[in-house]
Amino acid sequence: MEPQARTLVDISGSHAALAGRADMVLERARWAAEVFQRYDRESTMAIADAVAAAAHDSAERFADWAVRETGFGVAAHKKLKNQLTSRPLVDFYRNDDYVNPRIDEARKIVEIPRPAGVILALTPSTNPIATLNYKVLISLMTRNAIVISPHPAARECSVDAARALGEAAMDAGAPDGAIQIIENPGIPLVEELMVSPKTSVILATGGTAMVRSAYSSSNPAIGVGPGNAPVFVDSTADIDKAAKRIVESKSFDNSALCTNESVLITLEDVDARLRRSFKQAKAYICDADDVDRLRRYLFHDRGFNIECIGRDAAWIAQECGIRVPDGTLVLLAPIAQIGVEEPLSREKLCPVLAYHVVKRRNQAITQARAVLRLAGAGHSAAVHAMDEQVAMAFASAVEAYRVVVNTPCTQGAAGFQTALAPTFTVGTGFYGRSSIGENIGPGHLVHWTRLAYNSDASEYFGNYRGLKPGFSGPLPEAPSDGVPGSNGYRARRAEADAGVFSGVTREELRRMIAEELRAVLRK
Amino acid sequence: MSEAKLEFLDRSRAFWNPGKTQDWQDMGVDLVIDRREGYYLFDMDGRRLIDLHLNGGTYNLGHRNPELVEALKAGSARFDMGNHHFPALARTALAEALAACAPAPNMVYTAYGSGGGEAIDIAIKTARHAKQRRKIVSIVKAYHGHTGLALKTGDDRFSKLFLSEDTLGEFVQVPFNDLNAMEDALRGRDVAAVIMETIPATYGFPMPQEGYLPNVKKLCEKYDALYIADEVQTGLMRCGELWACTKYGIEPDIMVTGKGIGGGMYPIACTCIGEHCGGWLTEDGFGHISTGGGAELGCIVAMKVLEIVQRPEVRTMVRYVSDYMRAGLDRIMTEYPDFFIGIRQHGVVMGLEFNHEQGAKPVMKNLYDNGVWAIFSTLDPRVLQFKPGLLMTQADCEEVLRRVEIGIGLARDEVMGRHRKSA
Ligand SMILES: Cc1ncc(COP(=O)(O)O)c(C=O)c1O
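Residues numbered from 1 in each chain as written. Chains lettered and ligands numbered in written order. Predicted model: local features only at pLDDT ≥ 70, side-chain atom pairs only at ≥ 80, totals over all residues. Heavy atoms only, no water.

Undergrad: Give a description of the sheet that holds strand E4 (residues 145–150) of chain A that names residues and reports values.
TA: Residues and elements named next belong to chain A. Within the open sheet, the 5 strands sit side by side as E5-E4-E3-E6-E7. Their pairing is parallel. Two strands lie at the open edges of the sheet, namely strand E5 (179–181) and strand E7 (221–224), each paired on one side alone. Taken pair by pair, the neighbouring strands of this sheet meet at an average axis angle of 15°, ignoring direction. One ladder, built from 4 bridges, connects strand E6 (residues 201–205) with E7; its direction is parallel. By the bridge assignment for E7, Leu203 is matched with Ile222. (Pairing = 2+ DSSP bridges. Helix = DSSP H or I, 4+ residues; strand = E, 2+ residues; numbered from the N terminus. Axes fitted to C-alpha atoms, helices over the stretch in contact; angles between N-to-C directions.)

Undergrad: Which residues make up a nonpolar patch on the surface, and what values go with them?
TA: Judged by side-chain polarity, Tyr401, Phe430 and Tyr431 of chain A come together as a nonpolar surface patch covering roughly 350 Å² of accessible area. When you line up the elements, Tyr431 of chain A lands in the loop between helix H16 (409–413) and strand E17 (446–452). (Patch = residues over 30% accessible without salt bridge, like charges linked within 9 Å, V, L, I, M, F, W, Y side chains within 5 Å. Areas by Shrake-Rupley, 256 points an atom, 1.4 Å probe, with all protein chains shown as cover. Salt bridge = Lys/Arg side-chain N within 4 Å of Asp/Glu carboxyl O.)

Undergrad: Any chance you could break down the site of the ligand for me, citing the residues and the numbers?
TA: Residue and element names in this part refer to chain B. Every residue near the ligand is listed here: Gly115, Gly116, Gly117, Tyr143, His144, Gly145, Glu197, Asp230, Val232, Gln233 and Lys259. Contact distances for the ligand include 2.8 Å between an oxygen atom and a backbone N or O atom of Gly116. For the ligand, an oxygen atom lies 3.1 Å from a polar atom in the side chain of Gln233. Among the residues forming the shell around the ligand, the class breakdown is 2 nonpolar, 6 polar and 3 charged. (Near = heavy atom within 4 Å. Polar contact = N/O pair within 3.5 Å; in protein donor to acceptor, adjacent residues only side chain to side chain. Nonpolar A, V, L, I, M, F, W, Y, C, P; charged D, E, K, R; others polar.)

Undergrad: Tell me about helix H9 (residues 179–186) of chain B, and please be specific about residues and values.
TA: Residues and elements named next belong to chain B. Of all the residues in H9, the buried ones are Ala181, Met182, Glu183, Ala185 and Leu186. Contacts made by the buried residues of H9 are with strand E5 (135–139), strand E6 (171–174), strand E7 (191–197) and helix H10 (212–222). Measuring from the side-chain oxygen of the N-cap residue of H9 to the backbone nitrogen of Asn180 gives 3.1 Å; that N-cap residue is Asp178. (Buried < 20%, exposed > 50% of the residue type's maximum accessible area, 1.4 Å probe, protein only. Contact = heavy atoms within 4.5 Å.)

Undergrad: Kindly report on the confidence of the model for chain B, identifying the contributing residues and their values.
TA: Residue-level pLDDT values for chain B average 96, and 99% of them are 70 or greater. Across the whole predicted complex the pTM is 0.90, and at the interface the ipTM reaches 0.93. (pLDDT = per-residue confidence, 0-100.)

Undergrad: A description of the sheet that holds strand E16 (residues 400–405) of chain A should follow, citing residues and the corresponding values.
TA: Strand pairing within a sheet occurs via backbone hydrogen bonds; the two strands may be parallel or antiparallel. All names here are of chain A. With parallel pairing, the 7 strands of this open sheet are ordered in space as E10-E13-E14-E9-E8-E15-E16. The open sheet is flanked by strand E10 (283–285) and E16, the only strands paired with a single partner. The sheet shows a mean angle of 25° between the axes of neighbouring strands, direction not considered. Note: strand E9 (residues 261–267) against strand E14 (residues 352–358), 5 bridges, orientation parallel. The residue of E14 that forms the bridge with Val263 is Ala354.

Undergrad: Which residues make up the nonpolar core, and what values go with them?
TA: Among the nonpolar cores identified, the biggest contains 201 residues, and Leu94, Met182, Met196, Leu329, Phe340, Leu384 and Phe386 of chain B are the most heavily contacted of them. A total of 12 residues in this core trace back to one element, the largest contributor, which is helix H1 (residues 15–36) of chain A. For Leu384 of chain B, the contacting residues outside a window of four places in its chain are Met350, Gly351, Leu352, Phe354, Ala360, Val363, Met364, Leu367, Ala374, Ile375 and Phe376 of chain B. (Core = buried A, V, L, I, M, F, W, Y, C linked by side-chain atoms within 4.5 Å.)

Undergrad: Which residues make up the environment of Ile285 of chain A, and what values go with them?
TA: Residues and elements named next belong to chain A. Along the chain, Ile285 falls in strand E10. When its relative accessible area of 16% is taken as the criterion, Ile285 is described as buried. Note: C-alpha distance between Ile285 and Lys468 (183 residues apart in sequence) is 62 Å.

Undergrad: Which residues make up the packing of aromatic side chains, and what values do they have?
TA: One pair of aromatic rings is described through two measures. These are the centre distance and the angle between the planes. This model, assessed by the stated rule, comprises 21 aromatic pairs over all chains. With 6.4 Å between their ring centres and 55° between their planes, Tyr134 of chain A and Phe424 of chain A make a pair best called tilted. Of this pair, Tyr134 of chain A sits in helix H6 (residues 128–141) while Phe424 of chain A is found in the loop between H16 and E17, placing the two residues 290 residues apart along the sequence. For the residue pair Tyr134 of chain A and Phe424 of chain A, the accessibility class agrees, reading buried in each case. Look at Tyr40 of chain B and Phe42 of chain B: their rings are 6.4 Å apart centre to centre, the planes differ by 80°, and that puts the pair in the edge-to-face class. Residue Phe42 of chain B is classed as buried on the basis of its relative accessible area, which comes to 15%. One aromatic cluster is present, formed by Trp31 of chain A together with Tyr320 and Tyr324 of chain B through successive ring pairs. Over the ring of Trp315 of chain A we find Arg311 of chain A; its NZ or CZ atom is 4.3 Å from the centre of that ring. In this structure, Lys361 of chain B is placed above the aromatic ring of Phe376 of chain B, and the distance from its NZ or CZ to the ring centre is 4.9 Å. (Phe/Tyr/Trp six-rings, centres within 6.5 Å; stacked < 30°, edge-to-face > 60°. Lys NZ or Arg CZ within 6 Å of the ring centre and 35° of its normal.)

Undergrad: Describe the domain arrangement of chain B, listing the residues and the values that go with them.
TA: Residue and element names in this part refer to chain B. Once the domains are mapped, chain B shows domain 1 (31–64 + 312–416) and domain 2 (66–309). Taken residue by residue, the interface counts 30 residues in domain 1 and 35 residues in domain 2. Of the roughly 2,600 Å² buried where domain 1 meets domain 2, counting both sides, 62% is carbon and sulfur surface. Interface area lost by domain 1 to domain 2 is led by His346, Val349 and Leu379, which between them contribute 28%. There are 1 salt bridge connecting domain 1 and domain 2. Here Arg315 and Glu241 are joined by a salt bridge, their closest N and O atoms 3.0 Å apart. On the surface where domain 1 and domain 2 come into contact, there are 12 residue pairs in polar contact (both at pLDDT 80 or more). Secondary structure elements with two or more residues in the side of domain 1 that touches domain 2: helix H3 (54–57), helix H14 (312–335), strand E11 (340–346), strand E12 (349–354) and strand E15 (380–386). (Domains from an automatic or database assignment. Buried area = accessible area lost by both parts, 1.4 Å probe.)

Have a look at this one:
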């Protein structure tokens, strides 16, 4: 008979067991983070590049898997997102150095980057792999360890993807435990992870409840609230292009990104032209009866029907009993009101776009503000206009921290097709009860120790050029005395010597000391 | 020292153990452990100590590890010690869990003791029954416990005191790392078993030379003796694998685990027995009887211990703790090269060697004064046993190294004088 390890007394649901599990994962991450801080920029970027390459290579496989497992989105678009969040992401930040000190000679300040430590990353079911890639890479670029807590609905593909990235990282020399994933995420365990003092910062992308809970954890948190982007199509817009772009945006991954346009606002004198352009762009314009059906189907008493997240337009139309032409990409739902009484003015993570017509530009702005008051504060908005005064008036009025102009909002606000930082965590700032109002990037995962000199111009400022902290790299492996092969162990000199001065040549050192001496003697 | 502690120590002398109580005072260690948590001990006067003694790995997973406390609590809602004569749910479940991770494929049986010594006695009795011979070979300065048979395998300091040393020539001791002596002891084919601590702990962790242990095993096979691995201190991941003997490529016939297997929460020890030498379990299953051995509550805790130590996170952390401590100790060694002269290490099993007959005692005392509790090796006081826990945090490791650097410096000045030989 084969022996088995069986459980007689099951404590797995107890607080002790959950806290114990959380603690073990986080402490392993803390060790990894501690060692990671010893890495120089070259080895750090080599790891990031290797992981990005692994993510890029498996973009398609995990896109298919994510769609299969969650039922959300379009595999081809997910593949694109998975790719965008791998190599191009690292390339975007390639010239930003988060490892070496920065010297500001004019202000006599030297800044030394200090990684956060352990990043606890919550990833959503809508963009499981892209978000995971992105959070892993911004953590690695900044020499942080990351613990991923995936959405349960996307658990399997996330666990597999994280393992693959973890292996790529280890092969490239990353410390063991730099990338970990919680294989059985349940709310009680995630809460233990969030409240642990071993978590340095929580990067929360997910439902409002999860984000608020991250903020309540007593740990630093960077959370993103939901989106509900209003898009204004002005009379000065290129109407054809605007319609095309909005359809492109709404149909991209079937609006599973929170930056997708939710409510379109336009003017009476644009309405007819815009409808025509939309039809050409394969949007279907619902009649009053259709809108009724859509409303009832998308929203029930408990809120948005998550069945529809990332579903395509034809699927949704069929579910509601709306007949649409073949190839329809977006359902346009004209609504007369915006606000609490109209559910369709809320966030819809599917290719349904509410369509509202106003009389004047001013009214467009007040309606756009109302959309964001309802949901999505601090998130995204879009405007299509050739007149920059219109864009300025709109952007300075709406409570969104990114307003994309003449661009698909889904892609543009997330930093694809615009010069915004490419991200899968959109900071919703103070309007959205979040700590950061820009697209989250690696820069948010380091703080800087600032060496500040006396600002009096007559006071000496040190020569910091070429001076680096002791990058001593991975820990040398301790011996296992008596085990064959272990006899070769020698204490590594670098361990004893790695001081502040490594990276500086003897010549430079001598010159610096001489300079310092001269400065002292001058007094 | 507080009045309360003084008074307590008097009581300890009066009612518990006058000699042992006084010896510690004489060594400058006035520790009376009160509260304990994780890798911290709190003296009854409130001082905190980081525990690097861990009673030889008993507190591998920390003092009062919450998961083990919970397992014990939950277990006691259903079990007690159990009836040692009957087939028992928990005892069999633990035996199965051990068989599933044993260092040899045919190690199917587990017999239980209530402590390490008893489990060693069971191992020796098992070997004697299997081979129908009495002779046992052990290592000079080995330590396998103080029960009847275990005592005879060890240093005579402890057996002679009680007039319990071997007088019949049944217990032979040979020097560690000496294969010739071992072969001489086995040559007569009259030996039931060789018993080996994989790394002799109380002797200060001298490390087996490359090839020594596997060759001892080969000699056992050659001369028809059994190999008993005492993994009481070295097992349970302390050497980076579940059982240290695995690292040296050994599949023992019998293995003993104790101390840490009970997580410091419920005493229990286990003798894992290869099918080929467990004959007595069939011939007369009542042959070894122990009311407290394999108490079912202990089994519940032990199963949790086995589950925890086999988590992948633990493996990584043991590596980090070993590597980090070693890097730090190497650095400290360069500070005091005339005093701190060597490190023996396998995983988190470490011995720090000092250049003085009794060098580890002043180091122990100065570490104690600096908030670290690590004990000298009873059988080689030049060596300090340095035994960090499996789950030690990076912060605590850094804290230990900071204090050790100071403590060793003070001890060095005491022993060698403040004058520094130029390094
Ligand atoms: C290697 C070894 N074996 C056996 C024992 C005996 O264990 P116990 O004290 O539980 O009887 C000890 C105790 O220190 C030990 O270190």
